[in-house]
Amino acid sequence: MTSKNTKRFDDVRPGETLPALAIPITVGLVTGGAIATRDYFPGHHDLNAAQALGSPHIFMNILTTNGLVQRYVEAWAGPEARFASLKIKLGAPNYPGDCMTFNGAVTHQDPATRTVEITLSGKNSMGNHVTGTVALVLP
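Residues numbered from 1 in each chain as written. Predicted model: local features only at pLDDT ≥ 70, side-chain atom pairs only at ≥ 80, totals over all residues. Heavy atoms only, no water.

(A) Structural detail: the sheet that holds strand β3 (residues 99–110). The strand order β1-β3-β4-β5-β2 describes an open sheet built from five strands, whose pairing is antiparallel. Every interior strand has two partners, whereas the edge strands, β1 (17–24) and β2 (82–90), have only one. Averaged over all neighbouring strand pairs, the angle between strand axes comes to 20°, with direction disregarded. Strand direction decides the pairing type here: β2 and strand β5 (residues 127–137), joined by eight bridges, are antiparallel. Among the inter-strand pairings, S85 is bridged to a residue of β5, identified as A135. Contacts from helix α3 (residues 62–77) reach β1, β2, β3, β4 (115–124) and β5 within the one sheet, and its direction differs from that of β2 by about 135°. (Pairing = 2+ DSSP bridges. Helix = DSSP H or I, 4+ residues; strand = E, 2+ residues; numbered from the N terminus. Axes fitted to C-alpha atoms, helices over the stretch in contact; angles between N-to-C directions. Contact = heavy atoms within 4.5 Å.)

Shown next, in the form of structure tokens:
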């Protein structure tokens, strides 16, 4: 759920941590995310096809991961924050039955542009599924 209150630039400091967010990885999340992003690659919705590729289960696509990163950061920042950049790198796959937990912190602040940088990770039982940085312009 996104906060109705938006963080203000002057109230944020480097080192501030974002609250952890656990996301259960379900078949519905993986397949729904793939369909919603028009990614019809069989490994994202067809168990037999995923297993034929050597995967134990269907696996999350990068666009769903990208949306979950945005959800995580926006829930902390609030609706008036504007995304200036979002850069992520995938690691371990997200399979149904696992849980991905996001953690993040403010790592940089630029008063000239009112931009803060968040460094984050989303970790599952195999390690980091996603790592990255998000730059936000705050009011």
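(B) Up close: the environment of H108. Tracing the backbone shows H108 in strand β3. Along the primary structure H108 and G97 are separated by eleven residues, whereas in three dimensions their C-alpha atoms are 35 Å apart. Contact partners of H108, with chain neighbours within four places excluded, come to T115, V116 and E117.

(C) Here's a closer look at the environment of K123. Within the element layout of this structure, K123 appears in strand β4. For K123, a relative accessible area of 47% corresponds to the partly exposed category. Distance from K123 to G32, taken between C-alpha atoms, is 21 Å for residues 91 residues apart in sequence. Look past the residues within four positions of K123 in its chain and what remains in contact with it is C99, M100, T101, N128 and H129. (Buried < 20%, exposed > 50% of the residue type's maximum accessible area, 1.4 Å probe, protein only.)

(D) Just the packing of aromatic side chains, in detail. Here the structure, examined in full by the defined rule, presents two aromatic pairs. Between F41 and F59 the ring centres are 6.2 Å apart and the planes differ by 55°, which places this aromatic pair in the tilted class. Taken together, the residues span a long stretch of sequence, with F41 in the loop between α1 (27–36) and α2 (47–52) and F59 in the loop between α2 and α3 at a distance of 18 residues. Judged by relative accessible area, F41 falls into the partly exposed class, the value being 39%. Seen in terms of ring centroids, Y72 and F102 are 5.0 Å apart; in terms of plane orientation they differ by 15°. Their pairing is stacked. Here F102 lies in strand β3 and Y72 lies in helix α3, a separation of 30 residues in the sequence. Across the pair, exposure class does not vary: Y72 and F102 are buried alike. (Phe/Tyr/Trp six-rings, centres within 6.5 Å; stacked < 30°, edge-to-face > 60°.)

(E) Geometry of the nonpolar core. One finds W76, F102, V116, I118, L136 and L138 to be the most contacted residues of the largest nonpolar core, which totals 28 residues. Looking at this core, the elements that each hand over two or more residues are β1, α3, β3, β4 and β5. Per element, the largest residue contribution to this core is six residues, and it comes from α3. Residues in contact with V116, not counting those within four places in the same chain, are F9, V12, V106, H108, Q109, V134, A135, L136 and L138. (Core = buried A, V, L, I, M, F, W, Y, C linked by side-chain atoms within 4.5 Å.)

This is a description of form; function is not addressed.
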